[in-house]
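The lines below spell out each chain.
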Amino acid sequence: MSENIEKGRILKISILRFNPQLKGDKPKMVTYELEEAPGMTIFIALNEIREKFDSSLQFDFVCRAGICGSCGMIINGQPDLACRALTSKYPSGEITLMPLPAFELIGDLSVNTGKFMRAMSERIGSWIHDQAMDEIDLTRLEEKMEPGLADKIYELERCVECGCCISACGTKRMREEFLGAAGFMRIARFHMDPRDKRTDDDIYEIIGDDDGIFGCMSLLGCEDYCPKDLPHQTQIAYLRRKMVNLR
Amino acid sequence: MESLLLDTVRKSRIPAKLDFYQSATGLILGLFMWVHMLMVSSILLGKDAMKFVAGMLEGSILRGEGDHGYPILVTLAAMGIFTLFIIHAALAVRKFPANWKQHKVFRQQMSMMNHDDTNYWYTQFITGFIMFFLGSVHLFIIMTHPDKIGPYASADRVVSEWMWPLYLVLLFAVEFHGTIGLYRLAVKWGWFDGADPRATRKKLKAFKKALTIFFVVLGLASLGAYVKIGVEQINNDNVGGRYTRVSSTNQ
């Protein structure tokens, strides 16, 4: 029976192994060889490696469907989600995996994007700002929003905070204080939301300097590597025009 | 100190202006370089054509004495460009890597991703740095020798006055820096975005590559033409001589 099943090719997966918690551990590349299965993703391959070769291998995942944004990593030099990257995309069968740079390394392929995203959210005030909300009457129905506008807001809301845009950004890599595309997208989202009462001047207070919108050098790594295809280029350009025109 | 404290109350609008003026000076310089290259390449149409263009630059039409005009106009124009050049350099240098570590991280990012637009930026950084020096030399010479633009005078500068190595490097630096810069301006500010900004960007990138090739080839051909004339000048023992258009005497 087993002879009828075609054997898959042998994949050579090299992984950067390093556990900063272990005293004296040094970063090293370790190569694992395993047979490719039909429809195999990097995420499935990693699980197999952990099962068969080394149970100490660290990597993050939750949803396995490109929704949670946990499994962002560098696959053959490109930031991407492991659960969406099919091994068949790599004709040579040689795949190198590294943790996303620009984030705190937890171990191996696992990085602390959560810590970064929380700091980013706090920095830009990633929630509806409205003084009147303090005296809100909870028994009254919320004001309706045009479906078209709701769709537009949702388009920018699709960010899964995977961190690929941050790791793909040469500016962010060079200058740690730079906000990065995930932050600009979030600002653009709240700027579009009529319930957020922050004015353009208020937005300028958040992003109006070289750590913000004027630090962006338009390298467009964010645009090209966003697994959710968010319109980073147009939103950053929009914010830049808006902020430059302020008196 | 007072202004620093004020910035914590209300953020300064200066960074916005710096970003805007970096783009504005870059745009003017980029477009100027296209016109400049087209005028320089008039030598490919012959010495008469180039002499005519040089005369027009001096404002010969105002003077009405053939191809002679007012060289001071060239000096003033060069001074204007030099000023923009210095302002642009001062604004752009803010974006340079500030230390070895930043430079190392950027290089590492480039080798990791091999991403076009990231690599373009590094090209601009290197060519910009080169132009600090070579561009200044060229501008200063034109500013101080405004009357020495012509088929013979320019060719002598290229060959007998040893400017060809400088022009050769400057040509590549300008053309790469300029076309990448204009492409980046378009995506940075969202010009020409249209209904599908991603498709537009692809077209802009293709256009940028074509323009780089066009101007580099045109520049090399023009430089070659000046070198040829410059060598003839030496062979004819005419270095320092001036070209007169056959038709100009009749005007």
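Since the structure is predicted, the reported quantities are computational estimates derived from the model, not experimental observations. (Residues numbered from 1 in each chain as written. Chains lettered and ligands numbered in written order. Predicted model: local features only at pLDDT ≥ 70, side-chain atom pairs only at ≥ 80, totals over all residues. Heavy atoms only, no water.)

Q: Teacher, can you tell me more about the environment of Gln58(A) here?
A: Position of Gln58(A) among the secondary structure elements: in the loop between α1 (42-52) and β3 (72-75). Considered as a pair, Gln58(A) and Leu16(A) are 42 residues apart in the sequence and their alpha carbons are 10 Å apart. (Helix = DSSP H or I, 4+ residues; strand = E, 2+ residues; numbered from the N terminus.)

Q: It is not clear to me how the side chain of Thr212(B) should be interpreted in this structure. Could you clarify?
A: Residue and element names in this part refer to chain B. The residue Thr212 is located in helix α10 (residues 197-235) in this model. Relative accessible area serves as the criterion here: at 6%, Thr212 is assigned to the buried category. When sequence neighbours within four positions are dropped, the list of residues in contact with Thr212 reads Glu175, Phe176 and Thr179. (Buried < 20%, exposed > 50% of the residue type's maximum accessible area, 1.4 Å probe, protein only. Contact = heavy atoms within 4.5 Å.)

Q: Mind showing me how you'd approach the UniProt feature "binding site: heme b" (unreviewed entry) in chain B here?
A: All names here are of chain B. The UniProt entry lists His36, His88, His138 and His177 under the feature "binding site: heme b" (unreviewed entry), expressed in the numbering used here. Here His88 lies in helix α5 (residues 72-92). As for its placement among the helices and strands, His138 is situated in helix α7 (residues 116-144). Note on His138: relative accessible area 16%, which makes it buried. Once residues lying within four places of it in the same chain are set aside, the contact partners of His138 are His36, Leu166, Tyr167 and Leu170. (UniProt positions renumbered as here; feature names shortened; annotations may be inferred.)

Q: Is there a simple way to think about the packing of aromatic side chains in this case?
A: Aromatic ring pairs: the centre-centre distance and the angle between the two ring planes describe each pair. Under the defined criterion, the tally for this structure stands at 23 aromatic pairs over all chains. For the ring pair Phe129(B) and Phe133(B), a centre distance of 5.3 Å and an interplane angle of 75° mean the geometry is edge-to-face. Here Phe133(B) and Phe129(B) lie together in helix α7, a separation of 4 residues that amounts to about one turn. On the basis of relative accessibility, which here comes to 43%, the residue Phe129(B) falls in the partly exposed class. Using a relative accessible area of 48% as the deciding quantity, one classes Phe133(B) as partly exposed. Ring pairs connect the aromatic residues Phe96(B), Phe106(B), Trp121(B), Tyr122(B), Phe125(B), Phe129(B), Phe132(B) and Phe133(B), which therefore count as one cluster. Across the ring face of Trp189(B), the terminal group of Arg240(A) is positioned such that the distance to the ring centre comes to 5.7 Å. (Phe/Tyr/Trp six-rings, centres within 6.5 Å; stacked < 30°, edge-to-face > 60°. Lys NZ or Arg CZ within 6 Å of the ring centre and 35° of its normal.)

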